[in-house]
Amino acid sequence: VGVLHPMDTIKTFMQKAASAGESEVAHRSISIVEAVSQIVKAHGLPGLFAGVVPNVGVQGPAGAIKFSVFEILAQHFRPKVKESWHNAVDLASGAAAFVACSVVIVPGELLKQRMQAGVYGNLIAGAQEILREEGIRGFYQGY
């Protein structure tokens, strides 16, 4: 989190800067140094960690869902197939587990990215606005 999250924040900031002028003829690309400078100037060093709370906050529940779904499916289907098919059962169980955990990862990722882009100042304000303006489906935009 200490290194990778700031890198993700910088990437998101640069993407926002590049797409800010979509209605204009030219987009403005900024360098990593410019992005860091603008983030730190506007928000201080904590600005590099915008969105870290929803990012970290969803990892526990997502891991619990992923592990539970995988174990339930693998334990259910492994006894029903030949041993030579156990790897396929594990693969399918893992894929299903990732889909199931995305129920909590996608809203967290959406909030994280919007906070990194400066759309919301904090998690509560972001969640309330999404719910008010877009409804529950708003948490799954792009899913």
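The structure this text deals with has already been given above.
Fair warning: this is a prediction, and the values are worked out from it, not measured in the lab. (Residues numbered from 1 in each chain as written. Predicted model: local features only at pLDDT ≥ 70, side-chain atom pairs only at ≥ 80, totals over all residues. Heavy atoms only, no water.)

Enquirer: Any details on the packing of helix H5 (residues 86-116) against helix H6 (residues 123-134)? Residues and values, ideally.
Expert: The N-to-C vectors of H5 and H6 enclose an angle of 110°; their axes lie 10 Å apart at closest approach. Here H6 runs roughly perpendicular to H5, going by the angle between their axes. Our pair here, H5 against H6, has a crossing hand that is right-handed. Note on element contacts: H6 touches H5 through Leu 123, Gly 126, Ala 127, Ile 130 and Glu 134, opposite Leu 110, Leu 111, Arg 114 and Met 115. Considering only residue class, the contact of H5 with H6 consists of six nonpolar, one polar and two charged. (Axes fitted to C-alpha atoms, helices over the stretch in contact; angles between N-to-C directions. Helix = DSSP H or I, 4+ residues; strand = E, 2+ residues; numbered from the N terminus. Parallel < 35°, antiparallel > 145°, perpendicular 65-115°, else oblique. Left-handed = near helix turned anticlockwise from the far one by under 90°. Contact = heavy atoms within 4.5 Å. Nonpolar A, V, L, I, M, F, W, Y, C, P; charged D, E, K, R; others polar.)

Enquirer: Provide a residue-level description of the layout of surface pockets, including the pertinent values.
Expert: Size it by volume and the largest pocket reaches roughly 200 Å³. In terms of lining, the largest pocket is formed by 14 residues, of which the most central are His 43, Ala 50, Met 115, Gln 116 and Gly 118. Breaking the lining of the largest pocket down by element, the ones donating at least two residues are helix H1 (4-19), helix H2 (32-43) and H5. Examining the composition of the lining of the largest pocket, we find that three residues originate from one element, H1, more than from any other. (1 Å grid on protein atoms, 1.4 Å probe; cavity = no way out; pocket = protein on both sides within 12 Å on 5 of 7 lines; lining within 4 Å. Points joined across faces, edges and corners; volume = space filled by probe spheres on them.)

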